[in-house]
Amino acid sequence: MSDIYRLATLDDAEELLGVILRAYETIRELGINFPAAYADIEMVRDTVANHECYVLVRDGAIIATVTISEPVEQLKAIADFPFIMKFAVEPAFKGQGVGNCLLTWVEEDIARGKWKAEAVTLGTAERHPWLVQMYERRGYERIYELETVDDGKMVLLKKQLTRSEQSLGETMIVLT
């Protein structure tokens, strides 16, 4: 089995939309208003066209995606680092380390290697039952919290980037 990590293209938009909507079903059930949870084809096309949206492909199918973007303008005063967003794993592959591999690759090879970033940031809802803790186990630290009207407390997390000795196994990487 060989995994391919690559930039998404506009031709991937329909498949990406399906992965994102299936992966974010729990978010919708919790009533958390993440934009990705209610994605449509135009949002996906915009993400692919204007950010670096990466996919993990196995046996010809996209099984995970994550997007890295320039620092979010509203957050630059708090943390002027690339922002991770729209992280999604096809539900059939959850719990198998697929998301961990893709996120590690984007943190190390893209953010640290290609972008020369010292750290990355991401945001999530504190009331989600396991997301904050998952990111904290990955080395992310809370750096800012904001109370929102709809979703309760939103947490901004930052991860200092260092090279890991972790191997991604048999991997083919295609950067287009």
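As shown above, the structure is provided for reference.
What counts, and at which threshold
Throughout, a residue's number is its position along its own chain's written sequence, starting from 1. Only residues with pLDDT of at least 70 get local features here, since the model is predicted, and only at 80 or more are side-chain atom pairs given and counted; chain-wide, interface and lining totals rely on the full set of residues. Side-chain calculation: all heavy atoms of the structure are included, whereas hydrogens and water are not. Here a cavity is any set of points on a 1 Å grid over the protein atoms alone where a 1.4 Å probe fits but cannot get out, and a pocket is any open set with protein on both sides within 12 Å along at least 5 of 7 lines; a residue lines the site when it has an atom within 4 Å of a point. Grid points are joined across faces, edges and corners, and a volume is the space filled by probe spheres set on the points. Side-chain classes are defined by residue name, with Ala, Val, Leu, Ile, Met, Phe, Trp, Tyr, Cys and Pro counting as nonpolar, Asp, Glu, Lys and Arg as charged, and the others, Gly among them, as polar. Lines fitted to C-alpha atoms define the axes here, with helix axes fitted over just the stretch in contact, and angles between the N-to-C directions of these axes take values from 0 to 180 degrees. Strands are runs of DSSP state E lasting at least two residues, helices are runs of H or I lasting at least four, and both sets are numbered from the N terminus onward. Any angle that is under 35 degrees is reported as roughly parallel, and any over 145 degrees as roughly antiparallel; angles of 65 to 115 degrees are reported as roughly perpendicular and all others as oblique. We call a crossing left-handed when the near helix sits turned anticlockwise from the far one by less than a right angle, and right-handed when that turn is clockwise. Whether two residues touch is decided by their heavy atoms; if any such pair falls within 4.5 Å, the residues are in contact.

*Asks:* Describe empty space enclosed by the protein, naming the residues involved and giving the relevant values.
*Replies:* Scanning all chains against the criterion turns up 1 cavity of 30 Å³ or more. One number sums up the size of the largest cavity: a volume of about 40 Å³. Lining the largest cavity, in full, are Leu 16, Ile 20, Val 44, Thr 47, Cys 53, Thr 65, Thr 67 and Lys 86. Grouping the amino acids of the lining of the largest cavity by side-chain chemistry returns 4 nonpolar, 3 polar and 1 charged.

*Asks:* Lay out the packing of helix 1 (residues 13-23) against helix 3 (residues 41-50) with the relevant residues and their values.
*Replies:* Relative to each other, helix 1 and helix 3 sit at 110°, their axes nearing to 9 Å. Judged on the interaxial angle alone, helix 3 and helix 1 are roughly perpendicular. Viewed along their axes, helix 1 and helix 3 form a crossing whose handedness is right-handed. Along the contact surface, helix 1 presents Ala 13, Glu 14, Leu 16, Leu 17 and Ile 20, while helix 3 presents Ile 41, Val 44, Arg 45 and Val 48.

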